[in-house]
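Reading the structure
Listed below, chain by chain, are the residues.
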Amino acid sequence: MRAAAILTVCFSVTGCAGGFDGLDGVLSGSRSAQETRVTPVTASTIGGIPIVQLQADQLCPAVVVQDGTSTLRLHAGDEESPSTVRYQAQISQTVVECIPGAGQLALSIGVAGQVLLGPQGTPAAINLPIRFVVRNTVTGEVVNSELSRTNAVIEPPEVSALFTLVNRSFVIPQPERQTDYQVLVGFDEGQG
C-alpha cells in the first residue's frame, strides 16, 4: 500500500519522469539498510569498550615524578654553577596505560619533556637516563626498578629539543584498588 501511494504521488509530479531508480530501495527493501550492520550491545562492553579494559583503567596506578628528579643539569667540568650548565632537561608530562590479561596489568609508562641549551652547551644529541620504579604501596616493596635511556637532539640553530620515552616492561598482579601500586619516574643523575 505504501509503494502504491508513492507511485501515485510520483506520477502526479513531473519530476518523476526520470524513471524508478530512486524507488528501487523502497520496492525491494533498502540496500543501505541491508548493508548496515548494527553491533549488538553486550554485557562485555560499554560504549564499545570492553569492560575488562574499563576496570583496568580504574585500577591503573598513578605516575609520580620522584621528588628532586624532575630536572637534570649536565655541567661542563666539576664545578656546578649556573654558568657551567651545558644542558638542562625537565620532565613535564607522564602517562600510564594498563592492559589487562590473566589477572595481571601490563603497564605502558611514558614520560615527555624538554632539554634546553645552557651557557656552556652546544647543539648535540643529549643522552638522558630515566629511572622507572613500580612500588607496592601496601607492603612498601619495590616490585621492579629499571633504568631506560632516550636522546634529545638539539640541532643548530635551535636552543632546545623535546624528548619522549615509553617503557613497556612492567607487569603487576591486578590490584584490588588503584592505590595499591605507584609508579615513580625521574632522572637518574648517577647514571648521567
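Residues numbered from 1 in each chain as written. Predicted model: local features only at pLDDT ≥ 70, side-chain atom pairs only at ≥ 80, totals over all residues. Heavy atoms only, no water.

**A word on the overall build of the chain**
The cut-off we apply is this: Note on conventions: DSSP H or I runs of at least 4 residues are helices, E runs of at least 2 residues are strands, and numbering of each starts at the N terminus. Per-residue accessibility, obtained with a 1.4 Å probe over protein chains only, is compared with the maximum for each type, and a residue is labelled buried under 20%, exposed over 50%, and partly exposed between these values. Residue exposure ignores everything except the shown protein chains as possible cover, and the areas themselves are Shrake-Rupley values with a 1.4 Å probe.
A tally of regular secondary structure across the chain gives four helices and 10 strands. Each of the 192 residues in the chain was classed as buried or not, and the buried ones make up 30%. Of the roughly 12,000 Å² that the chain leaves accessible, carbon and sulfur atoms contribute 53%.

**What to know about the side chain of Asn-136**
How we decide: Pairs of N or O atoms are called polar contacts if they sit within 3.5 Å, as long as, within protein, a hydrogen donor faces a hydrogen acceptor (for residues adjacent in sequence, only side-chain-to-side-chain pairs). Contacts between residues were defined by any pair of non-hydrogen atoms, one from each residue, lying within 4.5 Å.
Its location among the elements puts Asn-136 in strand β7 (residues 125–136). Asn-136 sits in the buried class, given a relative accessible area of 11%. Within the structure, the side chain of Asn-136 is placed 2.8 Å from the backbone nitrogen of Val-138, a separation counted as a polar contact. A polar contact is formed between the side chain of Asn-136 and the backbone nitrogen of Thr-139, at a distance of 3.1 Å. What Asn-136 contacts, discounting residues up to four positions off in sequence, is Glu-141, Val-143, Asp-180 and Tyr-181.

**Concerning the confidence of the model for the chain**
Applied cut-off: Confidence scores per residue from the predictor, reported as pLDDT, run from 0 to 100.
In the predicted model, the chain carries a mean pLDDT of 81, and the fraction of residues at 70 or more is 73%. For residues 1–33, every residue scores under 50 in pLDDT, and the model assigns this stretch 12 contacts once sequence neighbours within four places are set aside.

**Focus on the nonpolar core**
What counts here: In plain words, nonpolar cores are sets of buried Ala, Val, Leu, Ile, Met, Phe, Trp, Tyr and Cys residues tied together by side-chain atoms within 4.5 Å.
Ranked by size, the top nonpolar core spans 29 residues in total, and within it Leu-107, Val-115 and Leu-128 carry the most contacts. Of all the elements in the fold, those that place two or more residues in this core are β5 (85–101), β6 (104–117), β7, β9 (160–173) and β10 (181–187). With sequence-adjacent residues up to four places away left out, Leu-107 is seen in contact with Pro-61, Val-96, Glu-97, Cys-98, Val-134, Asn-167, Arg-168, Ser-169, Phe-170, Ile-172 and Val-183.

**Some words on the sheet that holds β5**
Rules: Strands are labelled as partners when DSSP assigns at least two bridges between them. Comment: axis = line fitted to C-alpha atoms, over the contacting stretch for helices; angle = value between 0 and 180 degrees taken between N-to-C directions.
Read from one edge of the open sheet, four strands run β4-β5-β6-β9, paired in antiparallel fashion. Strands with a single pairing partner mark the edges of an open sheet, and in this sheet they are β4 (71–75) and β9. For this sheet the average axis-to-axis angle between neighbouring strands, irrespective of direction, equals 25 degrees. Bridge count between β4 and β5: five bridges; the pairing is antiparallel. Bridge pairing in β5 places Thr-71 opposite Gln-90.

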